[in-house]
Amino acid sequence: MTANCILERITETKSTNDDLLARWRAGELIDPVARIAHKQTAGKGRAGRVWLASPEDSLCFSLAFPFKRTPSELSGLSLLVGLAVITGIAQACDLNEANLQTSGLRLKWPNDLLVNEGKLGGILIEGGQAKAGDPTWMIIGIGINLRNAEVFEANLDSGLTVSALTQLTKLAPDVEYLWLKLIDSLEHHLAEFDLQGFKPYQKCWMKWDAYRGQSVCISGAGKDPIYGTANGIDEAGALLLQQDNKTITIHAGDVSLRIQS
Ligand code: BTN
């Protein structure tokens, strides 16, 4: 199932992302490594935020993956990871995409998983290329809030809840099963992305877009907020923001998207 990936399970660490980043910086990584922690004492979120998660409520892991692409050729990676997580959840729950759509599962640009506007999961991607010609090692950290998984289950059609996410994630062996399905899907998607980039995934991502056609505010990266209507993404995964009669392109970086009330 996970042919190339070394699997590591630990009871406690500060941050699985930091663990793998330290190994990449020390030049110790050769094959992809997936590292899951029961508990993180200093979990990191995007934009320097803290990722607080209690063991019984969350699934926290990181995957270190080597790309042949250079860092500048990785645009769209965080969106691709969101799609890979959806596929992994679908496979773990034995559901098809239409059922998952009905459940309210969506992607929020650039890299959150939502279920009926509650945050089901977040993605933090770090790493880089030590020197020209080396692989680009990216540490892909994923945190899934299992409490919101309960909301997710409640929104599934009644006949489809047999192996729903809450059941999977509440019982230890099933958390393991979900994790393995996520790793499997990530490995597949990341290998394809390394060959083809984000373009083949653009249309698929838009099917899961939580905010298409809605008024949004983009903030962060030390810049003034930008307002407009979310109008999907381009081939590189950049957000297309409609403002009066022009469309502007927003690249992910450390920006956040909010619904404009
Ligand atoms: C976000 O802010 O939404 C991203 C959250 C990412 C959290 C995960 S949990 C596993 C990995 N280790 C970390 O320290 N952070 C990521």
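Because the structure is predicted, anything quoted here is derived from the model rather than measured.

**Quick look at the overall build of the protein**
Logical step 1: A tally of regular secondary structure across the protein gives seven helices and twelve strands.
Logical step 2: A burial count over the protein gives 51% of its 261 residues as buried.
Logical step 3: Of the contacts made within the protein by residues no fewer than 6 positions apart, 68% connect residues no fewer than 24 positions apart.

**Observations concerning the site of the ligand**
Logical step 1: Around the ligand, 20 residues are found, and the nearest of them are Ser15, Gln40, Lys44, Arg46 and Lys119.
Logical step 2: Residue Thr16 places a side-chain N or O atom 3.2 Å away from a nitrogen atom belonging to the ligand.
Logical step 3: Between Lys44 and the ligand, the recorded distance is 2.7 Å, taken from a backbone N or O atom to an oxygen atom.
Logical step 4: If the ligand stood free it would expose 410 Å²; the protein chains cover 99% of that surface.
Logical step 5: When residues of the shell around the ligand are traced back to their parent elements, those giving at least two are helix H1 (16-25), strand E3 (58-67), strand E6 (118-128) and strand E7 (136-145).
Logical step 6: The residue makeup of the shell around the ligand, split by class, is six nonpolar, ten polar and four charged.

Parameters at a glance
- Residues numbered from 1 in each chain as written.
- Predicted model: local features only at pLDDT ≥ 70, side-chain atom pairs only at ≥ 80, totals over all residues.
- Heavy atoms only, no water.
- Helix = DSSP H or I, 4+ residues; strand = E, 2+ residues; numbered from the N terminus.
- Buried < 20%, exposed > 50% of the residue type's maximum accessible area, 1.4 Å probe, protein only.
- Contact = heavy atoms within 4.5 Å.
- Near = heavy atom within 4 Å.
- Polar contact = N/O pair within 3.5 Å; in protein donor to acceptor, adjacent residues only side chain to side chain.
- Areas by Shrake-Rupley, 256 points an atom, 1.4 Å probe, with all protein chains shown as cover.
- Nonpolar A, V, L, I, M, F, W, Y, C, P; charged D, E, K, R; others polar.

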